[in-house]
Amino acid sequence: MASRASTLGATFPATWRRPLLLVLRVGAIAAGAAALLTFVLPALRGTFSGQLDDLGELLSGARLAAAGANPYGPALAAANELTHGLPFVYPPFVAVLLRPFAVTAQAPAQAVWVLLLLASSVTGCVVTARTFLPATWPRVPIAILTATLFVPATYNLWHGNINSVVFLLLALAARDWAGGREVRCGGLIGLAAAIKLGPVVLLALFVRRRWWRGLIAAAATVLATVVAGVVALGFETTRVFVTQVFPLMSRDDGWILDQTWSAVANRLLMRRVLVLDPAVPLLHPLMVGLGVVAVAAVAWQVRPGLIRREVRGAEFGAGVAVMLLAAPFAWYEQWVQLIIPVAACAGLLAAGVVRPGRLGAALITLVMVVTVVAPPLLTGTSFAGLVERSHSAGWWPWLQLTSLPALALTWFLGELVLLLRRGEDPVPARTG
C-alpha cells in the first residue's frame, strides 16, 4: 500500500474548497438549530411528538422488574405472534440500568431519554469523525450533519431506541482500538454487549490481535453486569433470559427493517415477513454458519503488529459491518453504527493508503442506498400498507428491494476485507 499526505485540498480542487467548507459549516449550524427546535425544546416542554414506542418497551420491562415481576412475561406471551415488535427482550442488566427512568414520571423520563439519545448520537459522531477523518477536514460540522440527518440516527430519537447509547460506546471503543488502548477498548465493548449482545462479535478481533488483557477486561465487564442483574432481579430472571428469551431473539425473521443476511434469505423465500410462518428447514443453521465464517474471515485480517492507524480503523470498521450482517437480527435503526465503518473507510481512502477503486465505488453505493433509497422503502409504508401490498403481483420484487441496504453493505464489506487481506509492511504508528 502506498502512502501520501492527507489534506482536504488533495481530495477536492482548490476552487471548491472554500465553498464546500462554507456549505458544510452553514449546513451544520442549520441542522443543529433544527435539532434544537425538533428534539431539545419539545422534550423540555413536554411536547415532543415522537412515538417513543421502543422507549415504552424498555420502560415496561424496567417497571415490571422494579415491581418484582418477570420483565420478559409480555415478550414470552407474544412469542407466537408477529416476528417483530416484541416487548422487552434486553439482558436483565438493562432493566437495572433503566430503573431510575422506570420510577420517574412519564413526561420527565421521556424528556431526559430523548436528550440522552441526542447527546449520545452527536458525541458518537464527533468521536468517530475525530478518530478516523483527516484533521484537515471539517470534522465537527460533518459529525453534526451526520447525527442530525442520517436517518437511522434520527429514527432512534423518534422511537426512543437505546441504539444511540450503544453507538456511542462502540465509537469510543473504535477510538481506543485505533489508539492501541486494549483494556479500555475491551471494557467498552463488554458494556455495549451487556446492553445489546451483538458487539460481542468484535471480541474475535481481539483474539487475532492478541489483546488478551482486552479480552479479560471485556469478560470482566460482562460478568459484572450479569452479577448486577442477578443481585438486583434474582437468578430466575437471568435464567429466563438465557433459556427462553435468547432463543426467541435468535429465530429467523424476514421483517423489512431487519437488514441481516438471515432476513435477506427469508425475504427471498417470502418467509416470516408479516406473520410467523414455519421456519425453512436448514435455513437457520446455514445462516449461522455463514455468520461464523464471515466473522472469522474479518478477524483473520487483523494483524498484531504496529500498522497504520487508518488500517487499524478499517479493521474495526469491518468488524462492525460484519456484526450488523451476521446478527440474528439488526433493524435499520441499529445501522446508526454504520457510521463507524463508513468513517473508517473514508479516512483510509483520504489518507492515500489505497487507491479508491472498487472500495470507493462500494462506499459511495452504500452511502447512497442507506441514505437515499432505504428511508422511503423501509420507513415510508405503514404495516397496513404492507399487508395490502402483499396481495399484489409485485410483492416479491418489491420485497427484494428492501434488502438493498444489506446487499450494499455486503459488497462494501467484501471489498474492505479483500483490501485488508493484501496487507502492508508494519510501520511505526502513533498509539494516541
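Residues numbered from 1 in each chain as written. Predicted model: local features only at pLDDT ≥ 70, side-chain atom pairs only at ≥ 80, totals over all residues. Heavy atoms only, no water.

K.L.:
Quick question: what am I supposed to make of the overall build of the protein chain here?
P.N.:
Along the protein chain, the regular secondary structure elements total 22 helices and zero strands. Rg of the C-alpha trace for the protein chain: 21 Å, near the compact-globule value of 22 Å for 432 residues, within the 12% margin. If one aligns the C-alpha atoms of the protein chain with their principal axes, the spans along those axes are about 60 × 50 × 45 Å. Across the 432 residues of the protein chain, 53% fall into the buried class. Counted over contacts in the protein chain with a minimum sequence separation of 6, partners at least 24 positions apart contribute 77%. By element, 69% of the accessible surface of the protein chain is carried by carbon and sulfur atoms, the whole surface being about 18400 Å². (Helix = DSSP H or I, 4+ residues; strand = E, 2+ residues; numbered from the N terminus. Rg over C-alpha atoms; globule rule 2.2 N^0.38 Å. Buried < 20%, exposed > 50% of the residue type's maximum accessible area, 1.4 Å probe, protein only. Contact = heavy atoms within 4.5 Å. Areas by Shrake-Rupley, 256 points an atom, 1.4 Å probe, with all protein chains shown as cover.)

K.L.:
What am I meant to see in unusual backbone geometry here?
P.N.:
Phi is mostly negative for residues that are not glycine, and the peptide bonds are mostly trans. In this model, Met270 sits at a positive phi of 55°, which is unusual for a non-glycine residue. Mapped onto the secondary structure, Met270 falls in the loop between α15 (261–268) and α16 (283–300). If you check the backbone angles, Leu282 has positive phi at about 70° while not being a glycine. Relative to the assigned elements, Leu282 resides in the loop between α15 and α16.

K.L.:
Looking at this model, I keep getting lost on a nonpolar patch on the surface. Mind explaining?
P.N.:
A cluster of nonpolar side chains, Val222, Leu223, Val226, Val227 and Val231, forms an exposed patch at the surface whose accessible area comes to about 420 Å². Counting through the fold element by element, Leu223 comes out in helix α13 (residues 212–233). (Patch = residues over 30% accessible without salt bridge, like charges linked within 9 Å, V, L, I, M, F, W, Y side chains within 5 Å. Salt bridge = Lys/Arg side-chain N within 4 Å of Asp/Glu carboxyl O.)

K.L.:
Would you take a moment to explain the environment of Pro152 for this structure?
P.N.:
Relative to the assigned elements, Pro152 resides in helix α9 (residues 151–159). Separated by 182 residues in the primary sequence, Pro152 and Gln334 have C-alpha atoms spaced 6.8 Å apart. Setting aside residues up to four positions removed in sequence, Pro152 forms contacts with Tyr332, Glu333, Trp335, Val336 and Val370.

K.L.:
Is there a simple way to think about the environment of Trp331 in this case?
P.N.:
Tracing the backbone shows Trp331 in the loop between α17 (309–326) and α18 (339–350). Along the sequence, Trp331 and Thr146 sit 185 residues apart, while their C-alpha atoms lie 19 Å from each other.

K.L.:
I'm lost on the nonpolar core in this one. Help?
P.N.:
Side chains of a nonpolar character, in soluble globular proteins, are inclined to be buried together. Counting residues in hydrophobic clusters, the biggest one holds 133 residues, and the most contacted among them are Phe316, Ile340, Leu348, Leu409, Phe412 and Leu413. Of the residues forming this core, the biggest block, eleven residues, is contributed by helix α10 (residues 163–179). Excluding residues within four positions of it along the chain, Leu409 makes contact with Ala321, Leu324, Leu325, Trp335, Leu338 and Leu366. (Core = buried A, V, L, I, M, F, W, Y, C linked by side-chain atoms within 4.5 Å.)

K.L.:
It is not clear to me how the side chain of Ser250 should be interpreted in this structure. Could you clarify?
P.N.:
Its location among the elements puts Ser250 in the loop between α14 (235–249) and α15. At 2.9 Å, the side chain of Ser250 and the backbone oxygen of Phe246 are in polar contact. If we ignore the near neighbours within four places in the chain, the residues touching Ser250 are His284 and Pro328. (Polar contact = N/O pair within 3.5 Å; in protein donor to acceptor, adjacent residues only side chain to side chain.)

K.L.:
For this particular structure, what's the right way to read the environment of Thr410?
P.N.:
Note that Thr410 resides in helix α22 (residues 404–422). As a C-alpha pair, Thr410 and Thr260 span 150 residues in sequence and 9.8 Å in three-dimensional space.

K.L.:
It is not clear to me how α10 should be interpreted in this structure. Could you clarify?
P.N.:
Counting along an α-helix, one turn takes 3.6 residues, and residues three or four places apart therefore face a common direction. Taking 1.5 Å per residue, 17 residues should reach 24 Å; α10 reaches 24 Å between its end C-alpha atoms and fits that length. Here α10 lies mainly inside the structure; 16 of its 17 residues are buried. Positive phi shows up at Gly180, right after α10, with a value of about 80°. (Expected span 1.5 Å × (residues − 1).)

K.L.:
Got a minute to help me understand the confidence of the model for the protein chain in this structure?
P.N.:
Close inspection of predicted coordinates is inappropriate for parts of the model with low pLDDT. Mean pLDDT over the protein chain stands at 89; residues scoring 70 or higher make up 92%. Ignoring residues within four places in sequence, the model shows residues 1–10, a span with pLDDT below 50, making 25 contacts including any to other chains. This model gives residues 424–432 a pLDDT under 50, and the stretch forms 21 contacts once residues within four places in sequence are excluded. (pLDDT = per-residue confidence, 0-100.)

K.L.:
I'm lost on the packing of aromatic side chains in this one. Help?
P.N.:
Taken as a whole and assessed by the stated rule, the structure comprises 13 aromatic pairs. When the centroid spacing of 5.1 Å and the interplanar angle of 55° are considered together, the rings of Phe39 and Trp158 count as tilted. Of this pair, Phe39 sits in helix α2 (residues 14–45) while Trp158 sits in helix α9, and the two are 119 residues apart along the sequence. For Phe39, a relative accessible area of 6% gives the class buried. For the ring pair Trp177 and Phe206, a centre distance of 5.6 Å and an interplane angle of 45° mean the geometry is tilted. On the criterion of sequence distance, the pair formed by Trp177 in helix α10 and Phe206 in helix α12 (residues 203–209) is long-range, its members being 29 residues apart. By relative accessible area, Trp177 is classed as buried at 0%. Among the aromatic residues, those joined into a cluster by ring pairs are Tyr72, Phe88, Tyr90 and Phe241. (Phe/Tyr/Trp six-rings, centres within 6.5 Å; stacked < 30°, edge-to-face > 60°.)

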